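Close look at the chain arrangement
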Amino acid sequence: MASVVPVKEKKLMDVKLGELPSWILMRDFTPKGIAGAFQRGYYRYYNKYVNVKRGGVAGISMVLAAYVLFNYCRCYKELKHERLHKYH
Amino acid sequence: MGHKRLNPARSVSHPPFHLWGCGESDSPESEATRIPLSPTQVRSATPASVWTPAEQKPSLGAAQGSLNSQREPAQQRPLRLEAPSRSAPSKGSTSCQRGRSGRARLHGDRSERRARGPSLDLSSGTRGKAPRLKNAALLGPGVLQATRIFHTGQPSLAPLPPLPEHGGKVRLGLIPEEFFQFLYPKTGVTGPYVLGTGLILYFLSKEIYVITAETFSAISVIGLLVYVVKKYGASIGEFADKLNEQKIAQLEEVKQASIKQIQDAIDTEKSQQALVQKRHYLFDVQRNNIAMALELTYRERLHRVHREVKNRLDYHISVQNMMRRKEQDHMINWVEKHVVQSISAQQEKETIAKCIADLKLLAKKAQAQPVL
């Protein structure tokens, strides 16, 4: 599956399934690369939902929801013991 | 014995006294009163002050010709100033214009290139001039990509694009629209909702999500938040918009003030440039003043010369008159003296006796008449 554009340049959605391992391995996993990835992700979210003229509640509500979910996942181990039923 | 008269001989024609900027020419009447006594000594300084503007060149040529024909070759210095000064500005202006047009041609290309240069291209398929997000590490859930320009490359000189009006669309305040669009081709409109409902029921039934006391507090808090957002969201948005507008208006004011200032500076500069064009009036006035002062001194000196010469000639005349008078008096005295000397004593007695007899006769006649 030779592609016209080199695998390195494609976005994730354009990568074919067979090329996925090579695409993942190609990524920059140095600390600088990881920091750059976080920065890019942050600015992507920021510029889409927050840095607009007439923003809405979606900007912070999505962040709070993600935070809630994250904390729930973290505490799931202790919450498991508060189940109402034993067998599901 | 006649005393001399002063004759204004008109052998010399002097260059006319021109005034600048007014178009007057004062030539014929001033020539008549001039006394041509050694013109080289009297008027050696004046022709240097005779400036003619560019439109009166033929008169200057004529004056130059007339002056050149009479004056000594040593005095030709001041006239030479005209020729190089007249030719130099024309040469300098044309070369300057050529240089300016040449430079303008060079600058024109560069300005053209600069005008075409930073064109904003917001499609995702552009070259690397404006840095884009390539290889997004986080999974974006949809096809819509953010196509903002990030300052990760060299700083571009283009102005930033304006902020988008609204953020990405989000349903239920939590789930971006891209997710619904992603599922639409396969499951239609209700797909994501069914998926959501199914997931919630699954989590509840399998107790992946455990119902505790916090659940009820979460429900009430979320309910309250939803109520507040639904009721006051619009007004808070308007308030925020007003604040934004105030900020923007302030900045716009600053920008307008700066623009106006620069425009005023441009206008001032233009008016000063226009003033420079009228600078020649100053010089004309100064030249006129100098020429008038020179003419004044010339006339003053001429008048003085006239007076002095007249004084000397009057002196000679008075000397002659006095001599004549003295001669006359002397002759009369001499004649009288000799006549008196020639009258002898005897003749004197006879004359006196005759006079007395005549007087007596006259007296008798005079006495006789009033009686009648």
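What counts as what
Residues numbered from 1 in each chain as written. Chains lettered and ligands numbered in written order. Predicted model: local features only at pLDDT ≥ 70, side-chain atom pairs only at ≥ 80, totals over all residues. Heavy atoms only, no water. Phe/Tyr/Trp six-rings, centres within 6.5 Å; stacked < 30°, edge-to-face > 60°. Helix = DSSP H or I, 4+ residues; strand = E, 2+ residues; numbered from the N terminus. Buried < 20%, exposed > 50% of the residue type's maximum accessible area, 1.4 Å probe, protein only. Lys NZ or Arg CZ within 6 Å of the ring centre and 35° of its normal. UniProt positions renumbered as here; feature names shortened; annotations may be inferred. Patch = residues over 30% accessible without salt bridge, like charges linked within 9 Å, V, L, I, M, F, W, Y side chains within 5 Å. Areas by Shrake-Rupley, 256 points an atom, 1.4 Å probe, with all protein chains shown as cover. Salt bridge = Lys/Arg side-chain N within 4 Å of Asp/Glu carboxyl O.

A few words now on the packing of aromatic side chains. According to the stated counting rule, one finds nine aromatic pairs over all chains in the structure shown. Ring geometry for Tyr42(A) versus Tyr46(A): centroids 5.8 Å apart, planes at 15°, classification stacked. Of this pair, Tyr42(A) and Tyr46(A) both sit in helix α2 (residues 31-50), separated by four residues, roughly a single helical turn. Between Phe180(B) and Tyr193(B) the ring centres are 5.5 Å apart and the planes differ by 50°, which places this aromatic pair in the tilted class. You can see Phe180(B) sitting in helix α5 (residues 177-187) and its partner Tyr193(B) sitting in helix α6 (residues 191-205), a full 13 residues away along the chain. Given the relative accessible area of 5%, Phe180(B) is considered buried. Cluster of aromatic residues (ring-pair linked, three or more members): Tyr42(A), Tyr43(A) and Tyr46(A). Positioned over the ring face of Trp23(A) is Arg27(A), at 5.3 Å from the centre of the ring. One residue, Arg171(B), lies across the ring of Phe180(B), its end atom 4.2 Å from the ring centre.

When the UniProt feature table is mapped onto this chain, "transmembrane region" (unreviewed entry) is found at residues 55-73 of chain A. Measuring from the first to the last C-alpha atom of residues 55-73 of chain A gives 29 Å, for a span that is 84% helix and 0% strand.

Turning our attention to a nonpolar patch on the surface. On the surface, a nonpolar cluster with roughly 1000 Å² of combined accessible area is contributed by Leu84(A), Leu195(B), Leu199(B), Ile200(B), Tyr202(B), Phe203(B), Leu204(B), Tyr209(B), Ile211(B), Phe216(B) and Ile219(B). Those elements that provide at least two residues to the nonpolar patch are α6 and α7 (213-277) of chain B. Relative to the elements of secondary structure, Phe203(B) occurs in helix α6.

As enumerated under the stated definition, the model contains eleven salt bridges over all chains in all. When the shortest N-O distance is used, the salt bridge between Glu165(B) and Lys53(A) registers 3.8 Å. With Glu165(B) in the loop between α4 (82-116) and β1 (170-171) and Lys53(A) in the loop between α2 and α3 (58-79), the pair connects residues from two separate chains. Overall, Glu165(B) belongs to the partly exposed group, its relative accessible area being 39%.

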